[in-house]
Amino acid sequence: DLEALELEGREYIFQLDKSAGARKNKVGIFEWDYYSNITKENEEKWIQARIEQSQQEKRAWEETKMYRWQDFQDFTLRRMFKKYSKLGVSALPDEKYKQLMKLIADMESNYATAKICEYKDRSKCNLSLEPEITDLFAKSQDPEELKHLWVEWHKEAGAKARNNFTEYVGLYNEAAKLNDYKDVADWWQSEYEADADNFEQQLAKIWEDVKPLYQQLHAYVRKRLRDKYGDHIVSARGPIPAHLLGNMWAQSWNNIQSFTRPYPDKKEIDITQSMKSQNYTALKMFQMSDEFFRSLNLSAMPPKFWKNSIIEKPTDREIVCHASAWDFYDGEDFRIKMCSSINRENFKTVHHEMGHIQYYLLYSHLPIVFREGANPGFHEAVGDTIALSVSSPKHLRRVGLTTGDAEDEQTEINQLYKMGLDKIVFLPFAYAIDQFRYGVFRGSTTPEDYNCHYWKLRESLQGLEPPVNRTEEDFDAAAKYHVSANVEYARYYVSFIIQFQFHRALCQLAGEYVPEDLNKKLVDCDIYQSIAAGNAFANMLKMGSSKPWPDAMEVLTGQRSMKADGLLEYFRPLYEWLQAENQRTGEYIGWEPSKMQYC
Ligand SMILES: C=C(C[SeH])C(=O)N1CCC[C@H]1C(=O)O
Ligand SMILES: [Zn+2]
């Protein structure tokens, strides 16, 4: 009878889940060994481990198919079976599976080991992305030097990945179809459990809500860059050249804050200087982040974390420097790998990565199959939500990273501007990255027009143009880690929206934010040491992916959908200031078509 069958199904699926955990632990160790020591030998060992895992998963999948789990009474049991009913890339035949793993590993190692030559001394050709190129790009105010770094990096890390990427798309789409998805775009979007093309409609609606604010910020920044570099480099009504924004991908413009902020005579609030003068180390950054989470009654990092993590770039080998947080699915082994530099940006990244570890810890009691974010955006939002409190002037004063004067109107605008250069600017970038790849996976973007379509999106969404003309010899999308490393990107777009919904709810719970109370403003909220906020955050995070993400979001915020209202409320004073300022200077809002050639 059904009762007995369901009981048998329960026995089976929990047994399968346990063995899945052991497999993920084993492959994770090989993957860590490869990412933290890039050698041919380690790549082969990792791929071999992945092949064994995929063969075991295939056998398990055949068994799972025998159960009529759709008729089971228990919701959790049905949800576990549903997740295990998708085999994933292991559905590919062994040879194709191996080829796909190799393509991804080769793109990833090309990106991780790419080197370029200096602008000034062309004989010095050992610049890596982290820390050298990133630091130069953050500090240089020489358009020619920035152009050189931009062009060389996009050649080494982007163009060189074009052929591997093209083959990867074909194989990855084959895997999608074997999992009953139309293509990889359909597969990636299924992670958000939205019906039909609803997820893309949600993304479009968010952009519609945020675009006016972005256009005001874009217009203001373009004017300040024109003031600095002249109108022969920055036009009055065109897109902004992408190499002048302090970041290789123009995804965050924080590094140009110092010479573009609204009130330059107000004290600089860039904590990089104070971190350096206070002899901050990578370890201190991690300890401070750990302490913040503990102040909320969240979990402390376990002993293995401090023992096994890599928080500084090794000098004796090549590693994947792009920051990452790892769950080894055994309830004790959690790690971060990061090539830390001592600066504001990395301090934020430390909190971002520690947020991943907090989530791993809080759901480590769940079955393996539920040890993931409620949706991928949730995982990216945990650390950033905490970092919104850490980056408040109130908190920075608390920890001695800024001194003195309480908030006056102008300082508050400077603060919101600094936050906006991170959070508002990022949205059209993230939207462009996966709009581009959705088109590639669907076939509406073919290899012949990869770069043309990429720059059409960059221009229409971000209002940027390439510093030099582009052709289809180039492949600029792969100059971004996540495109070379096969990491989906809409998760960050979602994260940068929901983190403000989380932040607002936490701030109210902490008594730090009271709507309409000028002494309890959202921009000044710091939930540090609030047990009430921490407990509410934990109640959502400990659910992992055991329930659809609207249920998780509702637990903390009372809302069941992602909406831009949190972000827009946070930035409202800046939006008003920007509108008035652009009116005052008569700045053209938006951008006319670029004169650069890229199609
Ligand atoms: C820090 C990570 C590792 Se999940 C990252 O890739 N982030 C964090 C913010 C956006 C995105 C990026 O760097 O492009
Ligand atoms: Zn992340």
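This write-up is about the structure you can find in this document. Each residue is numbered by its place in its chain's sequence as written, counting from 1. A letter from A marks each chain and a number from 1 marks each ligand, given out in the order of writing. Where totals are concerned, whole chains, interfaces and linings use all residues; where local detail is concerned, this predicted model gives features only for residues with pLDDT of at least 70, and gives and counts side-chain atom pairs only at 80 or more. No hydrogens and no water enter the side-chain calculation; it runs on all heavy atoms of the structure.

1. Structural notes on the pairing of strand β3 (residues 334-337)
Part 1: Exposed residues in this analysis have more than 50% of their type's maximum accessible area, buried residues have under 20%, and partly exposed residues fall in between, with area computed by a 1.4 Å probe over protein chains only. Under the scheme used here, helices are H or I runs from DSSP no shorter than 4 residues and strands are E runs no shorter than 2 residues, and both carry numbers assigned from the N terminus. A two-sided burial pattern is seen for β3, the buried positions comprising Phe-334 and Ile-336 on one face and Arg-335 and Lys-337 on the other.
Part 2: At least two bridges found by DSSP between two strands is the condition for calling them paired. The loop that links strand β2 (residues 324-327) with its antiparallel partner β3 comprises six residues; one of these, Tyr-329, has a positive phi angle of about 55°.

2. Considering the site of ligand 1
Part 1: Residues in close proximity to ligand 1 include Gln-251, His-322, Ala-323, His-352, Glu-353, His-356, Glu-380, Phe-426, Lys-480, His-482, Tyr-489 and Tyr-492, which together make up its full environment.
Part 2: Polar contacts, as used here, are pairs of N or O atoms within 3.5 Å; protein pairs need one atom able to donate a hydrogen and one able to accept it. Residues neighboring in sequence count only if both atoms are side-chain atoms. Between ligand 1 and Tyr-492, the relevant distance is 3.3 Å, taken from an oxygen atom to a side-chain nitrogen or oxygen of the residue.
Part 3: Top element by residues in the shell around ligand 1 is helix α13 (residues 344-362). It accounts for three residues.
Part 4: Of the residues that constitute the shell around ligand 1, the class distribution is four nonpolar, five polar and three charged. The criterion for a residue being near a molecule or strand is simple. One of its heavy atoms has to lie within 4 Å of it. Charged residues are taken to be Asp, Glu, Lys and Arg, nonpolar residues to be Ala, Val, Leu, Ile, Met, Phe, Trp, Tyr, Cys and Pro, and polar residues to be all remaining types, Gly included.

3. With respect to the packing of helix α5 (residues 129-139) against helix α6 (residues 143-158)
Angle between the axes and distance between the axes are the two parameters that describe a pair of packed helices.
Part 1: Axes, fitted as lines to C-alpha atoms, cover a helix only where it is in contact. Angles between the N-to-C directions of the axes lie from 0 to 180 degrees. Packing of α5 against α6 brings their axes to within 9 Å, and their N-to-C directions diverge by 145°. Of the residues in α6, those touching α5 at Leu-129, Ile-133, Leu-136 and Phe-137 are Glu-145, Leu-146, Leu-149, Trp-150 and Trp-153.
Part 2: Of the residues that constitute the contact of α5 with α6, the class distribution is eight nonpolar, no polar and one charged. Contacts between residues were defined by any pair of non-hydrogen atoms, one from each residue, lying within 4.5 Å.

4. Points about the state of the cysteines
The bond known as a disulfide is covalent and runs between the sulfur atoms of two cysteines.
Part 1: Throughout, disulfides are identified as pairs of cysteine sulfur atoms within 2.5 Å of each other. All told, the structure shown has four disulfides when counted by the stated rule.
Part 2: Residue pairing for Cys-117: its cysteine sulfur links by disulfide to Cys-125, the two sulfurs lying 2.1 Å apart. On the sign convention where negative means left-handed, the S-S torsion of about 105° between Cys-117 and Cys-125 marks this disulfide as right-handed.
Part 3: Overall, the relative accessible area of 26% leaves Cys-117 in the partly exposed class.
Part 4: Paired through a disulfide, Cys-321 and Cys-339 show a sulfur-sulfur distance of 2.0 Å. Across the S-S bond of Cys-321 and Cys-339 the torsion is about -90°, and the bridge reads as left-handed. Placement of Cys-321 in the loop between α12 (303-308) and β2 and of Cys-339 in the loop between β3 and α13 is noted, with a sequence separation of 18 residues between them.
Part 5: In the chain, the bonded cysteines, numbered by position in the sequence, are linked as 1-2, 3-4, 5-8, 6-7.

Nothing here speaks to function; it is all geometry.
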